[in-house]
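Read off the chains here:
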Amino acid sequence: MSTPLAPASIPGAPAAAAPTATTYTDLNGLAALKNNPNSPETIRAVSEQVEALFLQMMLKSMRDAASADGELESNETGMYQDMFDKQVALTLAKRQDLGIARLFEHQLGAKGHETSPAPGGGAAPAAADSASKAGADRAAKPPTSSNLAEHAEQFVAMVLPTIRRAAAALGVNPVGMLAQAALETGWGQRMPRTADGAPSLNLFGVKAGEGWSGARAVADTVEFTRDGVGAQRRTAFRAYGSIEESVADFAHLLANSPRYRDAVGAGGDAQAYVDGIAKAGYATDPEYGNKLSQMLNGGLLRGALRARVAKL
C-alpha cells in the first residue's frame, strides 16, 4: 500500500498573496520571498523549498541506484530526468507534507512570535488552550532523535493495545503489525485526511477500491512500476471512525486474502510476518520489505516498546 503524506495549510492565508515558486525555474517567485521575510506566507514558502530539496535528493538517490545496477543513460536523458525530478519534488512539497516543511514552518514561526508583543504590551498568547499549546510546542521542536522518540512512544501507547488484540486473533506477533503501522503513518504523523480535514485514522495505508462503501480520504502518493520507476498519483484511501475500526478492517483483510497466507502463518515470528507482507506485494515500493525490516529492528521501535512496558 502507498503511504500518503497529510496536506498542510495555513488557515486563513490568501492563496494568491503567498510568495512562492510554482516551477523550480521560477526565479521571480523565489526572489519575492525577500519582500516580507517574516510573514506566515513567506515562512510557509521557504519551508516548502527546503522540503523540495530533500525530496529532490531522495529522487536523485533512486536514479543513481538504478544507474549503478547497470541502467545506462545519455547526457540528454540525465538532464531531462533531473529537470523532471526537480519539478516533482517541488510539486510534492507544495501539495503534501513529509513533516519536514511543517517542522521548519513551526520553528521559524515560533522564533518570530518570541519577540512579538501582544496588543497590551505583554507577551503574545501561545495557544487557545493547554492541549493546543502542548501540541504546538512539540511541533516546533527541531527534528532531533529525542523528538522522534517522543512521537514513537506516543504512537505505540495509542495503537498497541488494539493491535495486540487483533494480532492475537490472527495468531501473529503484534510487533510486526506495529512496525508496519509505524512505517505507513510515519509514527502517526502522516495520514490522509478526508474532505473536511478529519484524519482518516488509516494505520496501514489501505486503499479504497470499488468495493469500499465507507468514507474516503484522497491523497497524492508515489506509486512504482514493476521496473521500479515512481510516479505521482491521486489515490483514495479508506477512512475510519476510530483506531479500532482501522485495525479490525486490516486484520479482516489479512485473514481473508490468500495472498497474505504466509504473513498470517508466520505465527510469533515478527520478521517472518513483515517478510511475508512484502513478498505478497502489499506495496508497490520495491524497498518496502527493507523499510519494514529496518523499522522492526530499529532502535526507535525498541525504545518505544521499552518505554511502554516501563509505564505499565
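Residues numbered from 1 in each chain as written. Predicted model: local features only at pLDDT ≥ 70, side-chain atom pairs only at ≥ 80, totals over all residues. Heavy atoms only, no water.

1. Observations concerning the overall build of the chain
So, point 1. The secondary structure content of the chain amounts to twelve helices and two strands.
So, point 2. Taken from N to C terminus, the helices and strands of the chain fall in the order α-α-α-α-α-α-α-β-β-α-α-α-α-α.
So, point 3. Put simply, of all contacts in the chain between residues at least 6 apart along the chain, 65% involve residues at least 24 apart.
So, point 4. For the chain, the computed accessible surface area is about 16900 Å², with 57% contributed by carbon and sulfur atoms. (Helix = DSSP H or I, 4+ residues; strand = E, 2+ residues; numbered from the N terminus. Contact = heavy atoms within 4.5 Å. Areas by Shrake-Rupley, 256 points an atom, 1.4 Å probe, with all protein chains shown as cover.)

2. Here we look at helix 7 (residues 174-185)
So, point 1. For helix 7, built from twelve residues, the straight-helix expectation of 16 Å at 1.5 Å per residue is met to within 8% by its first-to-last C-alpha distance of 17 Å.
So, point 2. Taking burial as the measure, the twelve residues of helix 7 include eleven buried ones, the bulk of the element.
So, point 3. What helix 7 keeps buried is the set Pro 174, Gly 176, Met 177, Leu 178, Ala 179, Gln 180, Ala 181, Ala 182, Leu 183, Glu 184 and Thr 185.
So, point 4. The backbone nitrogen of Val 175 has a side-chain oxygen 2.9 Å away, supplied by the residue at the start of helix 7, namely Asn 173.
So, point 5. With its phi angle positive at about 60°, Gly 186 sits one or two positions after the end of helix 7. (Expected span 1.5 Å × (residues − 1). Buried < 20%, exposed > 50% of the residue type's maximum accessible area, 1.4 Å probe, protein only. Polar contact = N/O pair within 3.5 Å; in protein donor to acceptor, adjacent residues only side chain to side chain.)

3. Structural notes on the environment of Ser 293
So, point 1. Summarising the element assignment, Ser 293 is placed in helix 11 (residues 288-297).
So, point 2. Sequence spacing of Ser 293 and Asp 275 is 18 residues, and the spatial spacing of their C-alpha atoms is 7.8 Å.
So, point 3. At 3.0 Å, the side chain of Ser 293 and the side chain of Gln 271 are in polar contact.

4. A short note on the environment of Ala 280
So, point 1. Position of Ala 280 relative to the elements: it lies in the loop between helix 10 (270-279) and helix 11.
So, point 2. Judged by relative accessible area, Ala 280 falls into the buried class, the value being 18%.
So, point 3. Sequence spacing of Ala 280 and Ala 263 is 17 residues, and the spatial spacing of their C-alpha atoms is 8.2 Å.
So, point 4. Those residues in contact with Ala 280, other than ones at most four positions away along the chain, are Arg 259 and Tyr 260.

5. Let's talk about the packing of aromatic side chains
So, point 1. Enumeration over the complete set of coordinates arrives at six aromatic pairs.
So, point 2. On the basis of an interplanar angle of 25° and a centroid distance of 6.2 Å, the ring pair of Tyr 282 and Tyr 288 is categorised as stacked. Like Tyr 282, the residue Tyr 288 is buried in the burial classification.
So, point 3. Among the aromatic residues, ring-to-ring pairing joins Phe 204, Phe 250, Tyr 260, Tyr 282 and Tyr 288 into one connected group. (Phe/Tyr/Trp six-rings, centres within 6.5 Å; stacked < 30°, edge-to-face > 60°.)

6. Brief notes about the packing of helix 7 against helix 10
A pair of packed helices is captured by two measures, namely the crossing angle of their axes and the spacing between those axes.
So, point 1. At their nearest, the axes of helix 7 and helix 10 sit 7 Å apart, and the two run at 45° to each other. The angle between helix 7 and helix 10 falls in the class oblique. Where helix 7 crosses over helix 10, the two elements pack in a sense that is right-handed. Residues Gly 176, Met 177 and Gln 180 of helix 7 lie in contact with helix 10, whose contacting residues are Ala 270, Tyr 273, Val 274 and Ile 277. (Axes fitted to C-alpha atoms, helices over the stretch in contact; angles between N-to-C directions. Parallel < 35°, antiparallel > 145°, perpendicular 65-115°, else oblique. Left-handed = near helix turned anticlockwise from the far one by under 90°.)

7. Observations concerning the confidence of the model for the chain
So, point 1. In the predicted model, the chain carries a mean pLDDT of 74, and 53% of its residues have values of at least 70.
So, point 2. Low pLDDT (under 50) marks residues 68-75, which in the prediction has four contacts with non-local residues, meaning those over four places away or in another chain. (pLDDT = per-residue confidence, 0-100.)

8. As for the pairing of strand 2 (residues 230-238)
The side chains of a regular strand alternate between the sheet's two faces.
So, point 1. Sheet topology note: the strand 1 (residues 216-224)/strand 2 ladder contains nine bridges and is antiparallel. Looking at strand 2, one finds that Ala 219 is bridged to Thr 235.
So, point 2. The antiparallel hairpin formed by strand 1 and strand 2 contains five residues in its connecting segment, where Gly 228 sits at a positive phi of about 85°. (Pairing = 2+ DSSP bridges.)

9. Section: unusual backbone geometry
So, point 1. With a phi close to 60°, Trp 187 is a non-glycine residue in the positive phi region.
So, point 2. With respect to the helices and strands, the residue Trp 187 is situated in the loop between helix 7 and strand 1.
So, point 3. Judged by its relative accessible area of 8%, Trp 187 falls in the buried class.
So, point 4. Non-glycine residue Leu 201 carries a positive phi angle of around 60°.
So, point 5. Within the secondary structure layout, Leu 201 lies in the loop between helix 7 and strand 1.

10. Considerations on the nonpolar core
Note that soluble globular proteins tend to have their nonpolar side chains buried in a common cluster.
So, point 1. Counting 45 residues, the largest nonpolar core has Met 177, Leu 203, Phe 204, Tyr 273 and Ile 277 as the members making the most contacts within it.
So, point 2. Of all the secondary-structure elements, those providing two or more residues to this core are helix 6 (145-170), helix 7, helix 8 (243-256), helix 10, helix 11 and helix 12 (299-311).
So, point 3. Of the residues forming this core, the biggest block, nine residues, is contributed by helix 6. (Core = buried A, V, L, I, M, F, W, Y, C linked by side-chain atoms within 4.5 Å.)

11. Digging into the environment of Ala 166
So, point 1. Within the secondary structure layout, Ala 166 lies in helix 6.
So, point 2. In this structure Ala 166 comes out as buried when scored by relative accessible area, which is 12%.
So, point 3. In contact with Ala 166, other than residues within four places in its own chain, are Met 177, Val 247 and Ala 251.

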